[in-house]
Amino acid sequence: MTTRMGERVHDRTSRFTSDTIVDAFWEQVGRFANRSALRYHRNGDWQALSWSDYGDLVKEVAAGLVALGIEPGDKVAVLAGNRVEWHAADMAALSVGGVTVPLYQTSSPEQVAYTLAHSGARVCVVDDADQVAKLVQVRAEVPALERIIVIDPLDGAPVDAPDDAVRWDELRERGRRALADAPALVAERARAVRPADLATLVYTSGTTGPPKGVMITHDNIAWTLRSVIPVVDTGPDDRYISFLPLSHIAERMTSHLGQIAVGGETWFARSLVGVADDLKDCRPTVFLAVPRVWEKLHDAIVERTGNLSGPQRMLIARYVAAGRRVVDHDQDRATLWPHQRAEHRLLDRLVGAKLRHELGLDRARLLGTAAAPIDPGLLRWFHAIGLPILEIYGQTEDCGPATINPPERIRIGTVGPAIPGLSLRVADDGEILVKGGSVCAGYYHDPEATAELIDAEGWMHTGDMGRVDPDGYLRIEGRKKDLIITAAGHNVAPQHLETQLKSEPLISQAVVVGDGRRYLTALLALDPAELGAWAEEHGKLADEEALTTDPQLRDEVAAAVERVNALNARSEGIKKFRILPHELTATEGELTPTLKVKRGVVIERYADAVEEMYIEGG
């Protein structure tokens, strides 16, 4: 792997060969003792934690957990944001044979109670007063929970910690005392961890029904890392920025477990809202985001360009057009004359380098998108400005990545071929099936769901529909359970249409409806920033709720819907739509923590609007 300037980035002195991530962690602590492992923002500046200090922290926390009575196989829950202590709690629990149960920070008290009770967690690590309050509220519903470990001080907070709570510093002190009596305590426990042991219970975000606890073993994690690392070519000089929820398998496998596997460095973003600023400080070499984040980064560049002088805007437009010609040539074999490639190279040095620097992605050599479908047009735009993005596909149930677009052979519109060693096929009904070492051990305490997930031959049923091209690249065609069958018998995958609708500037989110109906309709949420710009351009008040009923705006949205209709068969046309009063949010329970739309929740919440669209003349 080379940089744009042709210089090698990494020292390839080793590959990940460990049997467990625990073995890998302690090997890196010894190998890279004085190098920076983690960076976090405190007192107005970025602080570094070396691998040696990281190891000492994990050892103290691990011994502290043993002092609290944690035995191999016991569940240790973590309800906190992306921070050093999250990583330390996870590695400490794993190092003593425990099973980590991550929870989303945004979980409601009821969701927290369900996960803790279902997993039987004995300990829960929380970071602040808000999370303590959730546990206090539901404590009676989780009798197995014995201890709450609180990271941040609660002095002056509106909630008091329960009597059996343990402060993070106190836990470390207990660990130091335990290590003074038994220096080899943690090392002995770590050596006893076996590949077949359960490492973590990851609860699915649950777009429908209650979450299921996915049982992931140490071998699942190690097998996946051994398969993926040679494809993406990550190494000890790589930098990651952690900002997506660590409770989601994608972030955890990338900036946490993946970083440990290769000995890189992870920076913790101060917040999801401020990640654009943190990118400029970190300048990661590896950056994974969900489609919504890529959309926001694109919009930021477009907005910034709009504020430039006319000649500057024209130069950027010329550069993007030149980049698109190169992308069209690379992807579609379109004609590209030598002078056009030369023009692109010149403009890339003059314009592209500056755009990448402004985004904080000028040193990025590996960019990924996962967790939801992404508009191919958006990918082409990023490719055109010198930021090729790999689309990755997978599930929690197979440790995250099942397919990856190879960095040097990206095929836009596909999610790439299967990772090495993973078998993939498409069943007769179009469902994608996978089999290999990354496939989980099933769902915790749910043998019926496990039998539905993994068949007798070991094939995992993903629930997604797709097709594989002659070169082995997979194209996703929607969720099997979301497949719409209209009253006329037409099968429609709504995700494809929803992705096209979201590519329209005004439309932020879309939910296509039509199962058992005479025609398709859509619930559309508008982008607040685009809505504000539209209001200013048309001399209207920037009142989001009022604008959604504005006839002129409705005509604009109708034109966008018709542009999408023109791209599809008549049976897939959106006949009617309704504009929702606000963007869908995770806070309102309309999105999962990884920003996937909960289709059932949205359709039920706006049932009246849906029914109106199926009334004659409605």
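The structure reproduced in this document is the subject of the present report. (Residues numbered from 1 in each chain as written. Predicted model: local features only at pLDDT ≥ 70, side-chain atom pairs only at ≥ 80, totals over all residues. Heavy atoms only, no water.)

Observations regarding the overall build of the protein chain
Okay, step 1: Secondary structure summary: the protein chain contains 21 helices and 24 strands in total.
Okay, step 2: The C-alpha radius of gyration of the protein chain comes to 25 Å, within 12% of the 25 Å expected for a compact globule of 618 residues.
Okay, step 3: Counting only C-alpha atoms and orienting by the principal axes, one finds that the protein chain spans roughly 75 × 60 × 55 Å.
Okay, step 4: Counting all 618 residues of the protein chain, 54% fall into the buried class. (Helix = DSSP H or I, 4+ residues; strand = E, 2+ residues; numbered from the N terminus. Rg over C-alpha atoms; globule rule 2.2 N^0.38 Å. Buried < 20%, exposed > 50% of the residue type's maximum accessible area, 1.4 Å probe, protein only.)

Thoughts on the side chain of Asn-220
Okay, step 1: Counting through the fold element by element, Asn-220 comes out in helix H8 (residues 218-232).
Okay, step 2: Polar side-chain contacts of Asn-220 include one of 2.9 Å to the backbone oxygen of Gly-437.
Okay, step 3: Residues in contact with Asn-220, not counting those within four places in the same chain, are Met-215, Cys-399, Gly-437, Ser-438, Val-439, Cys-440 and Ala-441. (Polar contact = N/O pair within 3.5 Å; in protein donor to acceptor, adjacent residues only side chain to side chain. Contact = heavy atoms within 4.5 Å.)

Digging into helix H2 (residues 51-67)
Okay, step 1: For H2, built from 17 residues, the straight-helix expectation of 24 Å at 1.5 Å per residue is met to within 8% by its first-to-last C-alpha distance of 24 Å.
Okay, step 2: Of the positions making up H2, those classed as buried are Trp-51, Tyr-54, Gly-55, Leu-57, Val-58, Glu-60, Val-61, Ala-62, Ala-63, Gly-64, Leu-65 and Val-66.
Okay, step 3: Just beyond H2, the residue with positive phi is Gly-69, at close to 100 degrees. (Expected span 1.5 Å × (residues − 1).)

Here we look at the packing of helix H12 (residues 310-332) against helix H14 (residues 376-384)
A pair of packed helices is captured by two measures, namely the crossing angle of their axes and the spacing between those axes.
Okay, step 1: Orientation of H12 relative to H14, taken along the N-to-C sense of each, is 110 degrees, at an axis distance of 8 Å. The angle between H12 and H14 places the two elements in the roughly perpendicular class. Crossing hand, H12 versus H14: right-handed. Residues Tyr-319, Val-320, Gly-323, Arg-324, Val-327, Asp-328, Gln-331 and Asp-332 of H12 form the contact with H14, whose own contacting residues are Arg-380, Trp-381, His-383 and Ala-384.
Okay, step 2: When grouped by side-chain class, the residues that make up the contact of H12 with H14 number five nonpolar, three polar and four charged. (Axes fitted to C-alpha atoms, helices over the stretch in contact; angles between N-to-C directions. Parallel < 35°, antiparallel > 145°, perpendicular 65-115°, else oblique. Left-handed = near helix turned anticlockwise from the far one by under 90°. Nonpolar A, V, L, I, M, F, W, Y, C, P; charged D, E, K, R; others polar.)

Here's the deal with helix H3 (residues 84-95)
Okay, step 1: Taking 1.5 Å as the rise per residue, H3 with twelve residues should run 16 Å; its terminal C-alpha atoms sit 16 Å apart, in good agreement.
Okay, step 2: Of all twelve residues that make up H3, twelve are buried, and the element is covered over most of its length.
Okay, step 3: Within H3 the residues assigned to the buried category are Val-84, Glu-85, Trp-86, His-87, Ala-88, Ala-89, Asp-90, Met-91, Ala-92, Ala-93, Leu-94 and Ser-95.
Okay, step 4: Immediately beyond the C-terminal end of H3, within one or two residues, lies Gly-97, with a positive phi of roughly 85 degrees.

Quick look at the environment of Trp-223
Okay, step 1: Inspection of the secondary structure puts Trp-223 in helix H8.
Okay, step 2: C-alpha of Trp-223 to C-alpha of Thr-17: the two residues are 206 residues apart in sequence and 9.2 Å apart in space.
Okay, step 3: Each residue touching Trp-223, except ones within four places of it in the same chain, is listed here: Ile-419, Pro-420, Gly-421, Leu-422, Gly-437 and Ser-438.

Quick word on the packing of aromatic side chains
Okay, step 1: Under the counting rule described, the total for this entry stands at ten aromatic pairs.
Okay, step 2: Seen from their ring centres, Phe-25 and Trp-51 are 6.3 Å apart, and the 55 degrees between their planes marks the pair as tilted. Note that Phe-25 is positioned in helix H1 (residues 21-31) and Trp-51 in helix H2, a separation of 26 residues in sequence. Like Trp-51, Phe-25 is buried.
Okay, step 3: An aromatic cluster is present here, built from Phe-243, Phe-287, Trp-294, Trp-381 and Phe-382 joined pairwise through their rings.
Okay, step 4: The ring of Tyr-443 has Lys-212 sitting right over it, with the charged end atom 5.7 Å from the ring centre. (Phe/Tyr/Trp six-rings, centres within 6.5 Å; stacked < 30°, edge-to-face > 60°. Lys NZ or Arg CZ within 6 Å of the ring centre and 35° of its normal.)

Let's talk about the side chain of Glu-295
Okay, step 1: In this structure, Glu-295 sits in helix H11 (residues 291-306).
Okay, step 2: Judged by its relative accessible area of 15%, Glu-295 is buried.
Okay, step 3: Only 2.7 Å separates the side chain of Glu-295 from the side chain of Arg-292, close enough to count as a polar contact.

What about the sheet that holds strand E24 (residues 574-579)?
Okay, step 1: In space, the three strands of this open sheet follow the order E22-E23-E24, with mixed pairing throughout. If you trace the sheet from one side to the other, it starts and ends with strand E22 (507-513) and E24, each paired once. Averaged over all neighbouring strand pairs, the angle between strand axes comes to 25 degrees, with direction disregarded.
Okay, step 2: Two elements, E22 and strand E23 (residues 520-526), share six bridges in a ladder whose sense is antiparallel. Paired with Val-513 across the bridge in E23 is Thr-521.
Okay, step 3: Across the sheet, helix H19 (residues 551-565) touches E22, E23 and E24, and the angle it forms with E24 is around 145 degrees. (Pairing = 2+ DSSP bridges.)

Notes on the pairing of strand E10 (residues 239-242)
Okay, step 1: With burial as the criterion, each face of E10 is covered, one bearing Arg-239 and Ile-241 and the other bearing Tyr-240 and Ser-242.
Okay, step 2: Bridging between E10 and strand E11 (residues 265-268) involves four bridges; their strand directions are parallel. Residue pairing across strands places Ser-242 opposite Phe-268, the latter belonging to E11.

Points about the environment of Asp-550
Okay, step 1: Considering the arrangement of structural elements, one finds Asp-550 in the loop between helix H18 (544-547) and H19.
Okay, step 2: Sequence separation between Asp-550 and Lys-540 is ten residues; the distance between their C-alpha atoms is 9.6 Å.
Okay, step 3: Setting aside chain neighbours within four positions, we find Asp-550 in contact with Trp-534 and Lys-540.
Okay, step 4: At 3.0 Å, the side chain of Asp-550 forms a polar contact with the backbone nitrogen of Leu-553.

Focus on the pairing of strand E8 (residues 198-203)
Okay, step 1: By the criterion of burial, E8 is predominantly enclosed, with five of the six residues buried.
Okay, step 2: Judged from the five bridges that link them, E8 and strand E9 (residues 213-217) form a sheet pairing that is antiparallel. In the sheet register, Tyr-203 faces E9, and the bridge partner there is Gly-213.

Here we look at the nonpolar core
Okay, step 1: With 125 residues, the main nonpolar core has Tyr-54, Trp-168, Phe-287 and Trp-294 as its most contacted residues.
Okay, step 2: With nine residues, the top contributor of residues to this core is H2.
Okay, step 3: Among residues more than four places away in sequence, those in contact with Tyr-54 are Phe-25, Ala-37, Leu-38, Leu-49, His-87, Ala-88, Met-91, His-256 and Ile-260. (Core = buried A, V, L, I, M, F, W, Y, C linked by side-chain atoms within 4.5 Å.)

Thoughts on unusual backbone geometry
Okay, step 1: Positive phi values are uncommon outside glycine, yet Asn-43 reaches one of about 55 degrees.
Okay, step 2: Positive phi is not limited to glycine here, since Arg-283 has a value of about 45 degrees.
Okay, step 3: The topology assignment puts Arg-283 in the loop between helix H10 (275-282) and strand E12 (286-289).
Okay, step 4: By relative accessible area, which is 12% here, Arg-283 ends up buried.

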